Amino acid sequence: MIFFASEEEKILKNAISSIKNLLKESEYQKALHAAEELLLAFPDNVEIFMLREKTINLWQNERLQIVKKTLNEASSLWKGKNYTELKKIYENLDQYLPDCPLIQAELFRLNKAMEAADAVARLEYIKKGLSLSNFHEKKEDFLESLKVLKKVSEVDPSNADIFRAVFRNKRKYVDYNLKHTVAELLTHGEYEEALHLSTN
């Protein structure tokens with residue numbers, strides 16, 4: 001089908017009018033799709049190009065307003081340190097409006113807060129583990145104390161307090177067993193063997 005200039009102008013005017021109506025109705029995604037389709041048919045048309053840019057800006061602005069509103073609503077979750085829920089919200093927003101500086105800043109802030117909370121939790125876990133280890137050590141249950149220390153060391157293998165506690169408990173375990181073995185030998189009259197063990 002061959003279009004005459006006046007028919008082509010009429011189709012173009014109707015299409016542009018339709019896009020403008022979509023913009024008035026805040027149907028930005030549909031308007032953008034229509035503008036891009038129209039640009040394929042009329043790639044050199046400046047009015048369509050400008051309409052497409054306007055649509056992108058309006059749609060971006062609408063999405064930004066939704067992001068701001070959602071961030072504002074989510075701000076109450078910070079007080080309760082509900083980081084898991086915040087992470088879900090921020091990640092959904094990041095998919096909704098990728099590379100938005102507001103979202104990126106909140107994700108960065110959240111990651112720092114989660115790292116700090118994790119560090120505090122790890123220190124608290126180590127502190128409780130050392131306390132439980134000391135409890136077993138005082139009861140001379142050195143094997144149980146060492147089990148606790150092994151589990152706690154998984155959180156921070158290079159922790160000096162854990163290392164010292166492990167060394168101390170191993171030494172006490174050996175001394176405890178030696179003392180009881182010597183006592184057992186003495187009870188059975190094996191004095192030479194008991195003397196030999198106690199001097200080594």
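Residues numbered from 1 in each chain as written. Predicted model: local features only at pLDDT ≥ 70, side-chain atom pairs only at ≥ 80, totals over all residues. Heavy atoms only, no water.

When helices and strands are tallied, the protein chain shows 9 helices and 0 strands. The C-alpha radius of gyration computed for the protein chain amounts to 37 Å, which surpasses the reference 16 Å derived for 200 residues by more than 25%, pointing to a less compact arrangement than a globule. Per-residue burial over the protein chain gives 28% buried out of 200 residues. Taking as baseline every contact in the protein chain between residues at least 6 positions apart, the subset at least 24 positions apart corresponds to 51%. Accessible surface, the protein chain as shown: approximately 14,300 Å² in total, 56% of it carbon and sulfur. (Helix = DSSP H or I, 4+ residues; strand = E, 2+ residues; numbered from the N terminus. Rg over C-alpha atoms; globule rule 2.2 N^0.38 Å. Buried < 20%, exposed > 50% of the residue type's maximum accessible area, 1.4 Å probe, protein only. Contact = heavy atoms within 4.5 Å. Areas by Shrake-Rupley, 256 points an atom, 1.4 Å probe, with all protein chains shown as cover.)

This part is about the packing of helix α3 (residues 46–74) against helix α5 (residues 83–96). Viewed as axis vectors pointing N to C, α3 and α5 meet at an angle of 175°, and their least axial separation amounts to 11 Å. If you check the angle between α3 and α5, you find them roughly antiparallel. Contacts from R63, I66, V67, T70, L71 and A74 of α3 reach α5 at L86, I89, Y90, L93 and Y96. Class assignment for the residues of the contact of α3 with α5 results in 9 nonpolar, 1 polar and 1 charged. (Axes fitted to C-alpha atoms, helices over the stretch in contact; angles between N-to-C directions. Parallel < 35°, antiparallel > 145°, perpendicular 65-115°, else oblique. Nonpolar A, V, L, I, M, F, W, Y, C, P; charged D, E, K, R; others polar.)

This part is about the side chain of R63. With respect to the helices and strands, the residue R63 is situated in helix α3. Lacking a salt bridge, the buried R63 has E62 as its closest oppositely charged neighbour, with an N-O distance of 6.8 Å. In contact with R63, other than residues within four places in its own chain, are Y96 and L97. (Lys, Arg positive; Asp, Glu negative; His and termini not counted. Salt bridge = Lys/Arg side-chain N within 4 Å of Asp/Glu carboxyl O.)

What follows is about helix α6 (residues 101–138). The end-to-end C-alpha separation of α6 is 55 Å, in line with the 56 Å expected for 38 residues at 1.5 Å each. For α6, the complete set of buried residues consists of I103, E106, L107, L110, A113, I126, G129, L130, S133, H136 and E137. Downstream of α6 by one or two residues, E140 has phi in the positive range, about 60°. (Expected span 1.5 Å × (residues − 1).)

Here we take up the environment of E91. Structurally, E91 is set in helix α5. The exposure class assigned to E91 is partly exposed, which follows from its relative accessible area of 38%. Expressed as a C-alpha distance, the spacing of E91 and F108, which sit 17 residues apart in the sequence, is 12 Å.

Among the nonpolar cores identified, the biggest contains 16 residues, and V67, W78, L86, Y90, L93 and I103 are the most heavily contacted of them. It is α5 that provides the largest number of residues to this core, a total of 5 residues. Leaving out residues up to four positions away in the same chain, Y90 has contacts with L71, W78, I103, E106, L107 and L110. (Core = buried A, V, L, I, M, F, W, Y, C linked by side-chain atoms within 4.5 Å.)

Here we take up helix α2 (residues 28–41). In this model, α2 (14 residues) spans 20 Å end to end at C-alpha, consistent with the 20 Å of a helix rising 1.5 Å per residue. Every buried residue of α2 is listed here: Y28, A31, L32, A35, L38 and L39. Buried residues along α2 cover an arc of 130° about the axis, so they all sit on one side. Those residues of α2 that are exposed and angled more than 90 degrees off the buried face are Q29, K30, L40 and A41. (Arc of directions from axis to C-beta.)

Although it is not a glycine, K81 adopts a positive phi angle of roughly 55°. Secondary-structure assignment places K81 in the loop between α4 (76–79) and α5. The backbone of E140 shows a phi angle near 60°, a positive value even though the residue is not glycine. Along the chain, E140 falls in the loop between α6 and α7 (142–153).

Where α2 meets α3, the closest approach of the two axes is 9 Å, and the angle between their N-to-C directions is 160°. Compared by their axis directions, α2 and α3 come out roughly antiparallel. Seen along the crossing, α2 lies across α3 with a hand that is left-handed. Between α2 and α3, the contacting residues are Y28, Q29, A31, L32, A35, E36, L38 and L39 on the first element and I48, F49, R52, T55, I56, L58, W59 and E62 on the second. Classifying every residue of the contact of α2 with α3 by side-chain character gives 11 nonpolar, 2 polar and 3 charged. (Left-handed = near helix turned anticlockwise from the far one by under 90°.)

These figures capture arrangement, not role.
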